[in-house]
Amino acid sequence: MEHTKYSGVDIITNTDDEETYRSAIHYPKFQGERLNREIGQYVKSTEQKFHEELGKGDQTFLKKRPAVFYLTFDIYPVMDHIYSIVFHEESYYGGANGNQRVKVFIVDVENDQFINQTEMIQNTEQAKEKLYHLLLNAFKQSKQYGPFLFEEELENKMKQDGAYANMYLTNQSFVFIFDKYEVTAGAAGTPEISLSYDQVKNILTEKWADRLSIIPDKPEDLTVPNGDRGNESPSNPPAEKPSSPPSKRVALTFDDGPHPQNTLKILNLLKKYEAKATFFMLGSRVDFYPDIAKKIAEEGHELGNHTWDHKDLTTLNSAEIRKEIRDTNEMIKKTTGREPTVFRPPYGAINDQVKRMVGMPVVLWTVDTLDWQSHDPHAMLQIVKKNVKDGSIILMHDIHESTAEAVEPVLKYLKDEGYTFVTVSELEQH
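What this report covers is the structure whose coordinates are included nearby. In this text the structure is predicted, and so the values were computed from the model without any measurement.

Moving on: helix 1 (residues 33-56). The terminal C-alpha atoms of helix 1, which comprises 24 residues, lie 35 Å apart, in line with the 34 Å expected from a rise of 1.5 Å per residue. All buried positions along helix 1 are accounted for by Leu-35, Ile-39, Tyr-42, Val-43, Thr-46, Phe-50 and Leu-54. Looking at the buried positions of helix 1, the neighbouring elements they touch are strand 2 (21-30), helix 2 (59-64), strand 3 (67-79), strand 4 (82-92), strand 5 (99-108) and strand 6 (113-114).

In this section: the sheet that holds strand 4. Within a sheet, neighbouring strands are paired by backbone hydrogen bonds and run either parallel or antiparallel to one another. Pairing within the open sheet is mixed, and its six strands lie in the order 1-2-3-4-5-6. Each edge of the open sheet is held by one strand with a lone partner, namely strand 1 (9-17) and strand 6. Judged from the five bridges that link them, strand 2 and strand 3 form a sheet pairing that is parallel. Paired with Ile-25 across the bridge in strand 3 is Leu-71. Along the sheet, helix 1 makes contact with strand 2, strand 3, strand 4, strand 5 and strand 6, crossing strand 2 at roughly 170°.

Before going further, it helps to spend a moment on the sheet that holds strand 9 (residues 192-196). Across the sheet, which stays open at both edges, the three strands sit in the order 7-8-9 with antiparallel pairing between neighbours. For this open sheet the edge positions go to strand 7 (167-169) and strand 9, each flanked by a neighbour on one side alone. Strand after strand, the sheet turns through a mean of 25° between neighbouring axes, direction not considered. Sheet topology note: the strand 8 (residues 173-177)/strand 9 ladder contains five bridges and is antiparallel. Directly across from Val-175, in strand 9, lies its bridge partner Ser-194.

On to the pairing of strand 5, then. Bridge count between strand 4 and strand 5: 10 bridges; the pairing is antiparallel. Of the residues in strand 5, the one forming a bridge with Ser-84 is Ile-106. Between strand 5 and the antiparallel strand that follows it, strand 6, lie four residues; Asp-112 among them carries a positive phi value of about 55°.

Overall, the coordinates contain 17 aromatic pairs when judged by the stated rule. Between Phe-50 and Phe-69, the aromatic rings sit 4.9 Å apart at their centres with planes inclined by 20°, giving stacked as the arrangement. Remark: Phe-69 occurs in strand 3 and Phe-50 occurs in helix 1; sequence separation between them is 19 residues. Judged by relative accessible area, Phe-50 falls into the buried class, the value being 2%. Taking relative accessible area as the criterion, Phe-69 reaches 1% and is therefore assigned buried. Taken together through their ring pairs, the aromatic side chains of Tyr-6, Tyr-42, Phe-73, Tyr-83, Phe-87, Phe-105, Phe-114, Phe-288 and Tyr-289 make up a single cluster. The positively charged end of Arg-211 is found above the aromatic ring belonging to Trp-208, 4.7 Å away from the centroid. One cation-aromatic arrangement involves Lys-248 over Tyr-419; the distance from NZ or CZ to the ring centre is 4.3 Å.

Turning to the side chain of Glu-302, a few remarks are in order. With respect to the secondary-structure elements, Glu-302 resides in strand 12 (residues 302-305). Buried charged residue Glu-302 carries no salt bridge. Nearest counter-charge: Arg-338, at 7.0 Å. In this structure the side chain of Glu-302 is engaged in a polar contact, spanning 3.4 Å, whose partner is the side chain of Thr-423. Not counting residues up to four positions away in its chain, the partners in contact with Glu-302 are Ala-277, Thr-278, Phe-279, Arg-338, Thr-341, Val-342, Thr-423, Val-424 and Ser-425.

Those residues of helix 13 (residues 377-387) that sit buried are Met-380, Leu-381 and Val-384. The arc that holds every buried residue of helix 13, seen down its axis, measures 100°, which confines them to one face. The outward face of helix 13, more than 90 degrees from its buried face, is lined by the exposed residues His-378 and Lys-386. Buried-residue contacts for helix 13 involve strand 14 (367-368), helix 12 (371-374), strand 15 (392-397) and helix 14 (401-416). One side-chain oxygen at the N-terminal end of helix 13 lies 3.0 Å from the backbone nitrogen of His-378; it belongs to Asp-376.

Thresholds applied
Throughout, a residue's number is its position along its own chain's written sequence, starting from 1. For a predicted model such as this one, the threshold for reporting local features is a pLDDT of at least 70, and the threshold for listing and counting side-chain atom pairs is 80 or more; totals across whole chains, interfaces and linings nevertheless cover every residue. Note: side-chain values were computed over all heavy atoms of the structure, leaving out hydrogens and water. Comment: elements are numbered from the N terminus, with helices defined as DSSP H or I runs of at least four residues and strands as E runs of at least two. Here the expected span of a helix is defined as 1.5 Å times the quantity of residues minus one. Exposure classes here rest on a 1.4 Å probe applied to the protein chains alone. A residue is buried below 20% of its type maximum, exposed above 50%, and partly exposed in between. The contact criterion used throughout is that any non-hydrogen atoms of two residues lie within 4.5 Å. Here, a strand pair is defined by DSSP locating no fewer than two bridges between the strands. Every angle, taken between N-to-C directions, lies between 0 and 180 degrees, and every axis is a line fitted to C-alpha atoms, over only the stretch in contact when it is a helix. Two aromatic rings from Phe, Tyr or Trp, using only the six-membered ring of Trp, form a pair when their centres are within 6.5 Å; if the ring planes differ by under 30 degrees the pair is stacked, by over 60 it is edge-to-face, and anything between is tilted. A ring has a charge above it when a Lys NZ or an Arg CZ is no more than 6 Å from the ring centre and no more than 35 degrees off the ring normal. Only four residue types enter the tally: Lys and Arg on the positive side, Asp and Glu on the negative side, with His and both chain ends excluded. Put simply, a salt bridge is a Lys or Arg side-chain nitrogen that is within 4 Å of an Asp or Glu carboxyl oxygen. Polar contact is the term for a pair of N or O atoms within 3.5 Å; when the atoms are in protein, one must be able to donate a hydrogen and the other to accept it, and sequence-neighboring residues count only if both atoms are side-chain atoms. Along the arc lie the directions from the helix axis toward the C-beta atoms.

Function-wise, these values are silent; they only describe arrangement.
Below is the structure:
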């Protein structure tokens, strides 16, 4: 059974919390060898560049203020088996400004092929001139980007080879995304300008004019990054809480999921041991695996918000923090019918600004299994044995296969020691 919402595409998430840096890397995984190979090479090269720059930095300073590296992506369905993948690369080494770049891939997952943007627009001077003026007009009409536009830079950009490299499609429009400072002042960030199919129909190649004309109108807008934010489902009541808690209680918590295989395995083990847990989920992964998130809720586990992309919130401004939290809340509610009740900041990084904006209890942990570091089920069990006590909150990550393997030995040990498994909110109530 394919658990992903986007047919033929899964999401891979890797996070690191080292002494001198923190990183969160998300990228798509396809069934086709060619798509995976080229996307994998891109991901590896961006990561290498970050580490090369990291090595040049002041290591003493970085230990006090770690660098950050985020590689995230948005996915836009265009038509059957065709998606636009838009990567956003951000790195920050402690200087005044970080680096922000974008990279676009348009993929045909059924045929394991990349689609080149140049095959969509007619290769004539008239078509290029028309496209430039469409973009110029759209910029000027934009209250968000218009005041920051450098017209000459835009004109030069659209005359260059590769001018369409950062053009992507949604199911309704062509979108041009520009790097920070490329055609606007830095205050505009990475501007995105949309042109409807109707606006560009006269400059499309015959092949793509035909292909795009057969796309039916859709009842829902699928152009929002990583899935639509549609109407919310009615709220379901939370699972009933036990009336007489036992003397020894422990809360198992799982971060960074859901995962299409590992989370299901963990859910089956929790059911076997009659255990409830708390899942701190990433909004981007809930979007990809809605049926897994729904199953977590249906089986009575607590739902937690772990942000959309696993960014260190203490490095973001208030608008960026609000979006990470809000979008994840909305995605979890829309998917499961239940609001998340607790929040865990990525890396445990929190400050007064984040606390003010969260709007729900913030939950960290008391026992860190270091599963992301060791990938050793035996080592995880030994950490639990050495550190667990009544009221402990145990941290694990359900995106790792080795963690799923460790869950049963941990459950068995804790049960034999007389612990009862509760959610973090139940733990806090007593």
